Amino acid sequence: TYAGLHFRIQASPLDCTGCEVCTHACPTSALTMTSLPKAVETGHEKFWNFAMKVPSRGERFDPFTLKGSQFQVPLMEFSGACE
């Protein structure tokens, strides 16, 4: 199902409140906190803008799994879970 596909979970550095909930919740410690200037400098704003243009691939994945849920529309959500 994942053959030939690459993906990343992209957070918006411009919307981050700095609460660190995502970094503590990540089961693989793949998320780290970075200052906004450094995040923008290393391309995260560019990555976010690209992520907003990616077409949906949700039909390929089981929406009831952690990985599959990340491919469902909306691909981004500001849930208010932070702070």
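Residues numbered from 1 in each chain as written. Predicted model: local features only at pLDDT ≥ 70, side-chain atom pairs only at ≥ 80, totals over all residues. Heavy atoms only, no water.

A. Geometry of the overall build of the chain. When you go through the chain residue by residue, the secondary structure sums to 4 helices and 0 strands. Counted from the first residue to the last, the chain has its helices and strands arranged as α-α-α-α. Out of the 83 residues in the chain, the part that is buried amounts to 14%. A separation threshold of at least 6 residues defines the contact pool for the chain, and within that pool the share at least 24 residues apart is 57%. (Helix = DSSP H or I, 4+ residues; strand = E, 2+ residues; numbered from the N terminus. Buried < 20%, exposed > 50% of the residue type's maximum accessible area, 1.4 Å probe, protein only. Contact = heavy atoms within 4.5 Å.)

B. Structural detail: the side chain of Thr-23. Locating Thr-23 in the fold gives a position in helix 1 (residues 21-25). Those residues in contact with Thr-23 that sit more than four places away from it in its chain are Leu-31, Thr-32 and Met-33.

C. Spatial organisation of unusual backbone geometry. In this structure, Glu-20 is a non-glycine residue whose phi angle is positive, near 70°. Among the structural elements, Glu-20 can be located in the segment before helix 1. Positive phi, close to 55°, is recorded for Ser-29, a residue that is not glycine. Summarising the element assignment, Ser-29 is placed in the loop between helix 1 and helix 2 (36-41). Residue class for Ser-29 comes out exposed when judged on its relative accessible area of 58%.

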